[in-house]
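Listed below, chain by chain, are the residues.
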Amino acid sequence: MLSLVQAEIIKQSKLGLVRVVTVAPLVASLLISALLLVVKAFGGSFGPPPSRAFASSGPNVSFDGVLGSSTTIVLTGIASLYALGLVLVAGLIITNEYSFSTIKMLATREPSRPRLILSKVIFIALYALLMIAVIFVSWLINILALKIVYGQSLGLVGDEGAGIGKGLRYLAFSFLNYFVWAMLGLALALRFKSIVAAVIIYFVYSSIDGLGSALGAAALNGQLGNSFPTWLDPLIQFTKFIAPFLINT
């Protein structure tokens, strides 16, 4: 199995899309940070740091000031795109085997189909861990840039150390969720031999999930009122029931 995983890492690391997806958060963070520093160098004024900025979802990642601003930019901005990013990578590593007709060679070397698929699952798991590290470093770079922009100490002040720990836990929690999406993408690509099927189902399910989550939360909070047409009431009750279990929630 180890040799299969090693071969998978070597093979997938040569793919252009995988390389782009890997370095994109770091490049985006560096560009944003550089832009802020250039504006600061030319006399731009940013005023005081925000008194409260926070991530819109996730386990307790609400921060004050610079840490919160960087969290909004990187953790809930750039990192949130990686649910789709991992789905694309997972679909790609399957469909490429059929596109390049390498699946027959793999089957000749390793006749156990479950072991072949497991090696790809392990690769995606390792890739998700790599992306946690890349986005975490990107976040730290953006924090340092914002500290310079707002004229703050570059060291950890107050509860910033605990805040960085919370951010890392948030990334781990998010990418566990993204890994589940990637497994679905891998399974769909294997079934339909197409990355398009994985992406379409991802968008369709995400849209339905988001709509159901929003409606359910609004119904539970009484924001939809209490006067529903008779035919609509079962749907409202259903969204109330499923809202706590939806992925987005």
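Residues numbered from 1 in each chain as written. Predicted model: local features only at pLDDT ≥ 70, side-chain atom pairs only at ≥ 80, totals over all residues. Heavy atoms only, no water.

## Details of the packing of aromatic side chains
If you walk through the whole model with that rule in mind, you get 7 aromatic pairs. Measuring from centroid to centroid gives 5.0 Å for Phe175 and Tyr178, while their planes differ by 70 degrees, and the two rings are edge-to-face. Here Tyr178 and Phe175 lie together in helix H7 (residues 160-192), a separation of 3 residues that amounts to about one turn. Overall, the relative accessible area of 2% leaves Phe175 in the buried class. Taking relative accessible area as the criterion, Tyr178 reaches 9% and is therefore assigned buried. Feature note: the residues Trp181, Tyr202, Phe203 and Tyr205 constitute an aromatic cluster, connected by ring pairs. (Phe/Tyr/Trp six-rings, centres within 6.5 Å; stacked < 30°, edge-to-face > 60°. Helix = DSSP H or I, 4+ residues; strand = E, 2+ residues; numbered from the N terminus. Buried < 20%, exposed > 50% of the residue type's maximum accessible area, 1.4 Å probe, protein only.)

## A closer look at the side chain of Ser119
Relative to the helices and strands, Ser119 is located in helix H6 (residues 113-149). Setting aside its immediate chain neighbours within four residues, Ser119 contacts Met1, Leu4, Val5 and Glu8. (Contact = heavy atoms within 4.5 Å.)

## Looking at the environment of Ser138
Note that Ser138 resides in helix H6. By relative accessible area, which is 0% here, Ser138 ends up buried. Between the alpha carbons of Ser138 and Val27 there is a distance of 8.3 Å; along the sequence they are 111 residues apart. Contact partners of Ser138, with chain neighbours within four places excluded, come to Pro25, Leu26, Ser29 and Val74.

## As for the packing of helix H3 (residues 65-78) against H7
Between H3 and H7, whose axes approach to 12 Å, the crossing angle comes to 15 degrees. In terms of axis orientation, H3 runs roughly parallel to H7. Like other packed secondary-structure pairs, H3 and H7 cross with a definite hand, here right-handed. Residue-level contacts link Leu67, Leu75 and Thr76 of H3 to Glu160, Gly163, Ile164, Gly167, Tyr170 and Leu171 of H7. The residue inventory of the contact of H3 with H7, partitioned by class, reads 5 nonpolar, 3 polar and 1 charged. (Axes fitted to C-alpha atoms, helices over the stretch in contact; angles between N-to-C directions. Parallel < 35°, antiparallel > 145°, perpendicular 65-115°, else oblique. Left-handed = near helix turned anticlockwise from the far one by under 90°. Nonpolar A, V, L, I, M, F, W, Y, C, P; charged D, E, K, R; others polar.)

## A closer look at the nonpolar core
In terms of nonpolar packing, the biggest core is built from 44 residues, with Val89, Ile124, Tyr127, Ile135, Trp139, Leu171 and Phe175 touching the most fellow members. At the level of secondary structure, the elements contributing two or more residues to this core comprise helix H2 (16-41), H3, helix H4 (82-99), H6, H7 and helix H8 (195-220). When residues of this core are assigned to their parent elements, the largest contribution, 13 residues, is made by H6. (Core = buried A, V, L, I, M, F, W, Y, C linked by side-chain atoms within 4.5 Å.)

## Observations concerning the environment of Val74
Looking at the secondary structure, you find Val74 in helix H3. With relative accessibility at 1%, the residue Val74 sits in the buried group. Measuring from C-alpha to C-alpha, the distance between Val74 and Ile135 comes to 7.5 Å, with 61 residues separating the pair along the chain. Beyond its immediate sequence surroundings of up to four residues, Val74 is in contact with Ala79, Ile135, Ser138, Trp139 and Asn142.

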